Amino acid sequence: MSEPAARVLVVEDEAAIADTVLYALRSEGYAAEHRALGRPALERLREGGIDVMVLDVGLPDLGGFEVCRQLRTFSQVPVIFLTARNDEFDRVLGLELGADDYVGKPFSPRELVARVRARLRRPAPVVAGDAGWVRQGAFAIDREGRRVRYRDSPLDLTRYEYALLAALLQRPGAILSRAQLMERGWDHASDSADRTVDTHVKTLRAKLRAAGAVGDPIRTHRGLGYALDV
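## A few points about the overall build of the protein chain
Of the regular secondary structure elements, the protein chain holds eight helices and eleven strands. Taken across its 230 residues, the protein chain has 48% of its residues classed as buried. Contacts in the protein chain between residues at least 24 apart in sequence constitute 56% of all its contacts with a sequence separation of at least 6. Surface accessibility of the protein chain: about 11,600 Å² in total, with carbon and sulfur atoms responsible for 49%.

## Examining the packing of helix H1 (residues 15–27) against helix H5 (residues 109–121)
Two elements in contact, H1 and H5, have axes whose closest approach is 9 Å; the angle formed by their N-to-C orientations is 60°. Taken together, the axes of H1 and H5 lie oblique to each other. By crossing handedness, the relation of H1 to H5 is classed as right-handed. Here Thr20, Val21, Ala24 and Leu25 of H1 come into contact with H5, specifically with Pro109, Leu112, Val113 and Val116. Partitioned by chemical class, the residues of the contact of H1 with H5 number seven nonpolar, one polar and no charged.

## Some thoughts on the pattern of salt bridges
The final tally for this structure, using the stated rule, is 14 salt bridges. One continuous salt-bridge network, built from bridges that share partners, spans Arg7, Glu33, Arg35, Arg44 and Glu47.

## Looking at the nonpolar core
Counting residues in each nonpolar core, the largest one holds 28 residues, and the members touching the most others are Phe139, Val148 and Leu165. Contributing elements (two or more residues each) for this core: strand S7 (139–142), strand S8 (147–150), helix H6 (159–170), helix H7 (178–185), helix H8 (193–210) and strand S11 (225–228). Here the element with the most residues in this core is H6; it accounts for seven residues. Ignoring anything within four residues of it in the chain, the contact list for Phe139 reads Val134, Val148, Arg149, Tyr150, Leu165, Leu169, Leu208, Pro217, Leu228, Asp229 and Val230.

## Some details on the sheet that holds strand S9 (residues 153–154)
Taken in spatial order, the four strands line up as S6-S7-S8-S9 in an open sheet, and their pairing is antiparallel. This sheet does not close on itself; its edge strands, each paired only once, are strand S6 (134–136) and S9. Across three bridges, the pairing between S6 and S7 is antiparallel. Bridged to Arg135 within S7 is Ala140. Its contacts with the sheet place H6 against S6, S7 and S8, and it is angled at close to 110° to S7.

## Some thoughts on the packing of aromatic side chains
Applying the stated criterion to the full structure yields three aromatic pairs. Between the aromatic rings of Phe65 and Phe81, the centroid separation amounts to 5.3 Å while the plane-to-plane angle is 85°, which identifies the pairing as edge-to-face. Note that Phe65 is positioned in helix H3 (residues 64–71) and Phe81 in strand S4 (residues 79–83), a separation of 16 residues in sequence. The buried category is assigned to Phe65, whose relative accessible area is 12%. Its relative accessible area of 0% is what places Phe81 among the buried residues. Through a chain of ring-to-ring contacts, three or more aromatic side chains come together here, namely Phe65, Phe81 and Tyr102. Directly above the ring of Trp133 sits Arg149, whose terminal nitrogen or CZ lies 4.0 Å from the centroid.

## Let's talk about H7
Within the sequence span of H7, burial applies to Arg178, Leu181, Met182 and Gly185. Down the axis of H7, the smallest arc covering the buried residues is 100°, so these residues share one side.

## Regarding unusual backbone geometry
One non-glycine residue, Arg146, lies in positive phi territory at about 55°. Looking at the secondary structure, you find Arg146 in the loop between S7 and S8.

So, how was this worked out
Residues numbered from 1 in each chain as written. Predicted model: local features only at pLDDT ≥ 70, side-chain atom pairs only at ≥ 80, totals over all residues. Heavy atoms only, no water. Helix = DSSP H or I, 4+ residues; strand = E, 2+ residues; numbered from the N terminus. Buried < 20%, exposed > 50% of the residue type's maximum accessible area, 1.4 Å probe, protein only. Contact = heavy atoms within 4.5 Å. Areas by Shrake-Rupley, 256 points an atom, 1.4 Å probe, with all protein chains shown as cover. Axes fitted to C-alpha atoms, helices over the stretch in contact; angles between N-to-C directions. Parallel < 35°, antiparallel > 145°, perpendicular 65-115°, else oblique. Left-handed = near helix turned anticlockwise from the far one by under 90°. Nonpolar A, V, L, I, M, F, W, Y, C, P; charged D, E, K, R; others polar. Salt bridge = Lys/Arg side-chain N within 4 Å of Asp/Glu carboxyl O. Core = buried A, V, L, I, M, F, W, Y, C linked by side-chain atoms within 4.5 Å. Pairing = 2+ DSSP bridges. Phe/Tyr/Trp six-rings, centres within 6.5 Å; stacked < 30°, edge-to-face > 60°. Lys NZ or Arg CZ within 6 Å of the ring centre and 35° of its normal. Arc of directions from axis to C-beta.

The structure is reproduced here in structure tokens:
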């Protein structure tokens, strides 16, 4: 099974610019989504599954700087600002708020795609001040300590819940069959693999909801298995 395409969220209120960026990204094989306003973009980001965001600064409802500031309270998704405001003060402010890159208008769609590609190649950052933890979207995992946090809330997981979630976090977005999940998390295969995995997925979903999950980060692919949106 091939790896799923990286998902890029484009937040831009000018339709012509948004169409150009979406076409360039999709032509390179990325799964690109579009939101024209800041608040709907934040709602989409809270659902998980976004790998990079291309963000315009001059949005009419909620400025790009404010979108980035709010995003950093719950996610480390890479942000590339795309804006006509290209002076040094704005660049410094954007980077201090947690942006990863800055592209000024007018821009080259090919260069923008190259910058997206460069961000995707970089490993997920370590959670600041917390050695051993690695951030993956809304999740953070300490594999040596066998711990997981969701939106900075510790998850009280059983042995098998942790094993299942850790396996899904190894390949975010990829569909893993029940047999694959059993191989990664259980010492001995079970004759009732489907029922065993399904039961633990159900309890995991309940714990994620209690930790503030919006929607369901663990997606069911009927007849195939499960995938995790981070």
